[in-house]
Amino acid sequence: MSSIAHYEAHAAEYGTALLGHDTGDSRRRFLAAIAKEAADILDLGCGPGRDLKAFAAAGHRAVGLDGSPTLAAAARAYSGCPVWERDLADPGLPAEAFDGVFAQAVLFHVPTPGLPALLAAILATLRPGGVFYACDPTGSGEEGWVEDRHIALRRPQSWKRLARDSGLTLVEEWRRPLDAPRRQQTWLATLWRKA
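Predicted model, so just to flag it, every value in this text is computed and none were measured. (Residues numbered from 1 in each chain as written. Predicted model: local features only at pLDDT ≥ 70, side-chain atom pairs only at ≥ 80, totals over all residues. Heavy atoms only, no water.)

Engineer: Looking at this structure, I do not really get the nonpolar core. What am I missing?
Structural biologist: Within soluble globular proteins, side chains that are nonpolar tend to cluster in buried spots. Formed by 27 residues in total, the largest nonpolar core has its most connected members in Leu-42, Leu-44, Leu-107, Leu-115, Phe-132, Trp-159 and Leu-168. When contributions to this core are tallied by element, the ones reaching two or more residues are strand E1 (40-44), strand E2 (61-66), strand E4 (98-104), helix H6 (115-125), strand E5 (126-137), helix H7 (156-165) and strand E9 (187-194). Per-element tally for this core: the top contributor is H6, with 5 residues. For Leu-42, the residues in contact, after removing those within four places along its chain, are Val-63, Gly-64, Leu-65, Trp-84, Leu-93, Phe-98, Gly-100, Val-101 and Phe-102. (Core = buried A, V, L, I, M, F, W, Y, C linked by side-chain atoms within 4.5 Å. Buried < 20%, exposed > 50% of the residue type's maximum accessible area, 1.4 Å probe, protein only. Helix = DSSP H or I, 4+ residues; strand = E, 2+ residues; numbered from the N terminus. Contact = heavy atoms within 4.5 Å.)

The structure is reproduced here in C-alpha cells:
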C-alpha cells in the first residue's frame with residue numbers, strides 16, 4: 001500500500017498548492033553543491049513540476065518521477081521535461097545516471113522499513129560526487145496511516161542515521177520555513193554527497 005491513491009484523488013488541489021510553494025533557496029543550495037553548468041537532475045516525487053521546470057529553465061537536464069499519473073502528466077505539460085510514472089517502493093532508477101537527486105516533501109511518505117532500499121537506489125543512481133537533497137517534516141518518531149496517506153515524522157537524528165548508513169555524507173542541513181520562528185521550523189532540509 002502506498003500514498004499514491006491519495007495524490008491521484010487530490011491531484012488538482014495539490015497541483016495548484018504546490019506550484020505556489022517557494023523552494024528557491026533549497027534549489028540554489030542544491031545546485032551550488034552540484035557545481036555544474038548543465039547537470040543531470042532527478043526530481044523525485046516531482047508533483048506538478050514546480051522544481052522540474054526551474055531546473056530546466058536554469059539549463060539543466062531534468063527528469064521527474066511521480067507515482068500519480070495525473071500529477072506526472074501535469075508535470076510534463078508544465079515543465080516540458082520527461083517524467084517517469086513510478087512507485088518509490090520500486091523506482092527502477094538507472095545506475096550512475098544523475099549528478100543530483102532532489103526530493104522535496106517526499107520521503108515522509110515512505111515507511112521507515114522501506115527507506116533503506118530507496119536510499120540504496122538513490123545512492124546507486126547518483127554519479128560519484130553526486131548530491132542528494134531531502135526535505136521533510138520532523139517529529140518524535142510518529143508514523144502510520146493518516147486516512148489514505150502514510151506519514152512518518154522522523155526524529156532528525158534518526159533520519160540522518162538512515163542516510164549515513166546508506167553511504168551518504170552530510171554536506172549541510174537547515175530548518176524550514178526559513179523565515180519562521182525556530183519552534184515553527186518543523187521541516188528539516190539536508191544535503192548529502194555520494195563519495
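Engineer: I'm lost on the environment of Thr-186 in this one. Help?
Structural biologist: Looking at the secondary structure, you find Thr-186 in the loop between strand E8 (168-176) and E9. Remark: the alpha-carbon pair of Thr-186 and Glu-8, spanning 178 residues in sequence, is separated by 26 Å. In this structure, Thr-186 is in contact with Asp-136, Pro-137, Thr-138, Arg-175 and Arg-176, ignoring residues within four places of it in sequence.

Engineer: Please explain the packing of aromatic side chains as it appears in this structure.
Structural biologist: Both the distance between ring centres and the angle between the ring planes are used here to describe each pair of aromatic rings. Counted according to the given criterion, the structure contains 8 aromatic pairs. Consider the rings of Phe-55 and Phe-102, whose centres lie 5.1 Å apart with planes at 80°: the pair is edge-to-face. Residue Phe-55 is found in helix H4 (residues 50-57), and its partner Phe-102 is found in strand E4; the two are separated by 47 residues along the sequence. The two residues Phe-55 and Phe-102 agree in class, both being buried. Clustering of aromatic rings is evident, with ring pairs tying together Phe-30, Phe-55, Phe-102, Tyr-133 and Trp-174. Over the ring of Trp-174 we find Arg-29; its NZ or CZ atom is 4.1 Å from the centre of that ring. Over the ring of Tyr-78 we find Lys-53, and its NZ or CZ is 4.2 Å from the ring centre. (Phe/Tyr/Trp six-rings, centres within 6.5 Å; stacked < 30°, edge-to-face > 60°. Lys NZ or Arg CZ within 6 Å of the ring centre and 35° of its normal.)

Engineer: How should I be thinking about unusual backbone geometry in this particular structure?
Structural biologist: With the exception of glycine, the majority of residues adopt a negative phi angle, and the majority of peptide bonds are in the trans configuration. Here the phi dihedral of Glu-96 falls at roughly 45°; this positive angle occurs in a residue that is not glycine. You can call Glu-96 partly exposed: its relative accessible area is 44%. You will see that Ala-105, though not glycine, has its phi angle at about 55°, which is positive. Checked against the element boundaries, Ala-105 lands in the loop between E4 and H6. Its relative accessible area of 27% is what places Ala-105 among the partly exposed residues.

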